[in-house]
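# Geometric and topological summary
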Amino acid sequence: MSVLKEPRRKGHFNRKSGNPLPVLVESETGIPAHHAIWKSFSGRFNGDCVEVCDVEDISSLYNMGFFGKGSFSRGLPRPARKVQQPEIIRERQWKRRCTWQEESECSVKDGSLEKEYRDESPSQDSDTDTEGDDFISHLRPRIENDKNSSPEVLNLLLEEALFLSYGLGCLYIFDTYGQKILSCLEFWSLCVELDNRFIQRYVTYHHFRSKGWVVKSGLKFGGDFLLYKNGPSFFHASYVVRTEVIFGKTDSGTKELDWTTLMGLNRLAETSGKEVLFCYVICPENTMPSHLVSLTMIKKCKVHEVLVRRWQSSVARIDKCSEVKQDVVLDIHSEEDE
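Here the residue numbering is sequential within each chain, running from 1 through the sequence in written order. Residues qualify for local features only when their pLDDT is at least 70, as the model is predicted, and side-chain atom pairs are given and counted only at 80 or more; totals for whole chains, interfaces and linings, by contrast, use all residues. The side-chain quantities take in all heavy atoms of the structure and omit both hydrogens and water.

Per an unreviewed UniProt entry, the protein chain carries the name tRNA-intron lyase and comes from Megalurothrips usitatus. Listed in UniProt under the heading Sequence similarities (unreviewed entry), the comment for the protein chain reads: "Belongs to the tRNA-intron endonuclease family." UniProt positions are given in the numbering used here, feature names are shortened, and annotations may be inferred rather than shown by experiment. Regarding the protein chain, the relevant UniProt record gives this comment under Catalytic activity (unreviewed entry): "pretRNA = a 3'-half-tRNA molecule with a 5'-OH end + a 5'-half-tRNA molecule with a 2',3'-cyclic phosphate end + an intron with a 2',3'-cyclic phosphate and a 5'-hydroxyl terminus."

### Some points on the sheet that holds strand β4 (residues 154–156)
Only when DSSP finds a minimum of two bridges between them are two strands counted as paired. Helix numbers and strand numbers start at the N terminus; a helix is a DSSP run of H or I with at least 4 residues, a strand a run of E with at least 2. Spatially, the 6 strands line up as an open sheet ordered β3-β4-β2-β1-β5-β6, and their pairing is mixed. The open sheet is flanked by β3 (69–70) and β6 (181–182), the only strands paired with a single partner. Examined bridge by bridge, strand β1 (residues 41–45) and strand β2 (residues 50–52) share 2 bridges and lie antiparallel to one another. Directly across from Arg44, in β2, lies its bridge partner Glu51. The strands that helix α2 (residues 55–63) touches are β1, β2 and β4; relative to β1, the one it contacts most, it runs at about 100 degrees. Any two residues whose heavy atoms approach within 4.5 Å at even a single point are treated as in contact. Angles here are taken between N-to-C directions and fall from 0 to 180 degrees, while the axes themselves are lines fitted to C-alpha atoms, restricted in helices to the stretch in contact.

### Notes on the nonpolar core
Nine residue types can take part in a nonpolar core, namely buried Ala, Val, Leu, Ile, Met, Phe, Trp, Tyr and Cys, and a core is a set of them joined through side-chain atoms within 4.5 Å. Per-residue accessibility, obtained with a 1.4 Å probe over protein chains only, is compared with the maximum for each type, and a residue is labelled buried under 20%, exposed over 50%, and partly exposed between these values. Core analysis: the biggest nonpolar cluster contains 42 residues, and Leu61, Phe67, Leu156, Leu164, Ile173, Phe187 and Trp188 have the highest contact counts within it. No other element matches helix α7 (residues 198–210), which puts 6 residues into this core. If we skip the residues at most four places from it in the chain, Leu156 touches Cys49, Val50, Val52, Leu61, Phe67, Gly68, Ala161, Leu164 and Leu171. In this structure, Tyr62, Ala237, Val240 and Val276 belong to the second largest nonpolar core, which totals 16 residues.

### Quick look at unusual backbone geometry
Its identity as a non-glycine residue notwithstanding, Phe66 has a phi of 55 degrees, on the positive side. In this structure, Phe66 sits in the loop between α2 and β3. Taking relative accessible area as the criterion, Phe66 reaches 5% and is therefore assigned buried. Phi is positive for Asn230, close to 70 degrees, though the residue is something other than glycine.

### Considering the confidence of the model for the protein chain
Note: pLDDT gives the predictor's confidence per residue, expressed from 0 to 100. The predicted model of the protein chain averages 76 in pLDDT, with 67% of residues at 70 or higher. Segment residues 111–129 is flagged for pLDDT under 50; beyond a separation of four residues in sequence, or across chains, it makes 17 contacts in the model. A low-confidence stretch, residues 332–338 stays under pLDDT 50, and its non-local contacts, those more than four residues away or across chains, total 0 contacts.

### Quick notes on the pattern of salt bridges
For this analysis, a salt bridge means a side-chain nitrogen from Lys or Arg found within 4 Å of a carboxyl oxygen belonging to Asp or Glu. Considering all chains together, one arrives at 11 salt bridges under this definition. The salt bridge partner of Arg242 is Glu244, with a shortest N-O separation of 3.3 Å. What makes Arg242 partly exposed here is its relative accessible area of 23%. Owing to a relative accessible area of 9%, Glu244 belongs among the buried residues under this scheme.

### Regarding α7
Count 3.6 residues to each turn of an α-helix, and residues three or four apart come out pointing the same way. Over its 13 residues, α7 extends 18 Å from the first C-alpha to the last, a length consistent with the 18 Å expected when each residue adds 1.5 Å. With 10 of 13 residues buried, α7 lies mostly within the body of the structure. All buried positions along α7 are accounted for by Phe198, Ile199, Gln200, Arg201, Tyr202, Val203, Thr204, Tyr205, Phe208 and Arg209. Remark: Gly212 follows α7 within two positions and exhibits a positive phi of approximately 100 degrees. Helices are assigned an expected span. That span is 1.5 Å times one less than the residue count.

### Overview of the packing of helix α6 (residues 184–194) against α7
One way to put it is that α6 packs onto α7 with a least axis distance of 8 Å and a crossing angle of 120 degrees. When the axes of α6 and α7 are compared, the pair comes out oblique. From α6, Trp188, Cys191 and Val192 reach across to α7, where they touch Phe198, Ile199 and Tyr202. Along the lines of polarity and charge, the residues of the contact of α6 with α7 split into 6 nonpolar, no polar and no charged. Just so you know how the angles are binned, under 35 degrees is roughly parallel, over 145 roughly antiparallel, 65 to 115 roughly perpendicular, and the rest oblique. Residues are grouped as follows: Ala, Val, Leu, Ile, Met, Phe, Trp, Tyr, Cys and Pro are nonpolar; Asp, Glu, Lys and Arg are charged; every other residue, Gly included, is polar.

### Topic: the environment of Gly65
For Gly65, the location among the structural elements is in the loop between α2 and β3. Take Gly65: its relative accessible area is 15%, and that puts it in the buried class. With 165 residues separating them along the chain, Gly65 and Asn230 place their C-alpha atoms 8.4 Å apart. The contacts of Gly65, once residues within four sequence positions are left out, are Arg209 and Val214.

### Details of the environment of His236
With respect to the element layout, His236 can be found in the loop between β8 (225–228) and β9 (239–247). The exposure class assigned to His236 is partly exposed, which follows from its relative accessible area of 26%. Between the C-alpha atoms of His236 and Leu226, which are 10 residues apart in sequence, the distance is 9.5 Å. Ignoring any residue separated from it by four or fewer positions in sequence, one finds His236 in contact with Arg8, Arg9, Lys10 and Tyr228.

### Topic: the pairing of β1
Taken residue by residue, a regular strand's side chains alternate between the two faces of the sheet. Burial of the side chains of β1 is restricted to one face: Phe41, Gly43 and Phe45 are buried, whereas none of Ser42 and Arg44 on the reverse face is. Where β1 hands over to β2, the hairpin turn is made up of 4 residues, of which Gly47 adopts a positive phi near 95 degrees.

Here it is, written out as structure tokens:
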């Protein structure tokens, strides 16, 4: 019987574990869910992910469940961060940045910015070090206040946003223009259109979140998700999750994984101290992906976990020797008893 590996704790963390995100269950408390008495958040769908801009919402979502990732930060988002040193750029870069900002504000109305940049030929003022020898002697540095700099926001994966909206009921998702609140079914339909693997990915995400794991993107390790105990601030990821979908009993909706890809994924996970976990999402029989447009189909899907490990001859030899020694000791004790 295989034993699960203990997650590796990070030795340089200095954060305390926050309280989990509170969820109001009306059937248990008898109190209807309402934003006036229960915390709710809001985000905007930008066509690729869901952006959360409010500073308090960013802090709550990340500290109470490690949802999302900062648009500029590597780990913990810092929307109100202070810049110790100003950015140093060329004069032409500053002018170009101001011009882009002015034209982008005008392009919202007529949509002419995309065509203008597409037809623009390379300029001689490109960002290259082609200045003469007297360039340094003519420097006149100055400080400008960049009022149009983009603040850091919290980017939620599509699976994270739907889980907060549908699973926990605490996130309001606005459309691209920020004028209409998308229902769970409308957002589900948009996600299915954007990603043909979204159904199996969300079922997998919902499954592991319900089991208490902190689920993050596993793109940098060749998988779909990474599973953390408590959160990435305290432990390294324990598993690299790859999702597959099966329709019915035999019909598989994904391409079979070849041995080369499997061994490469396994070796990459071992190098980083992780294990590969396959998650098979079993959808109802005679159900095709195009029919899975309703959120009610999520409850009918089943999840089967398969832990994949590479066979190592040295480890197997040590285990076999330990079993032989144990048998010898038992035989000696039995002869002494006689």
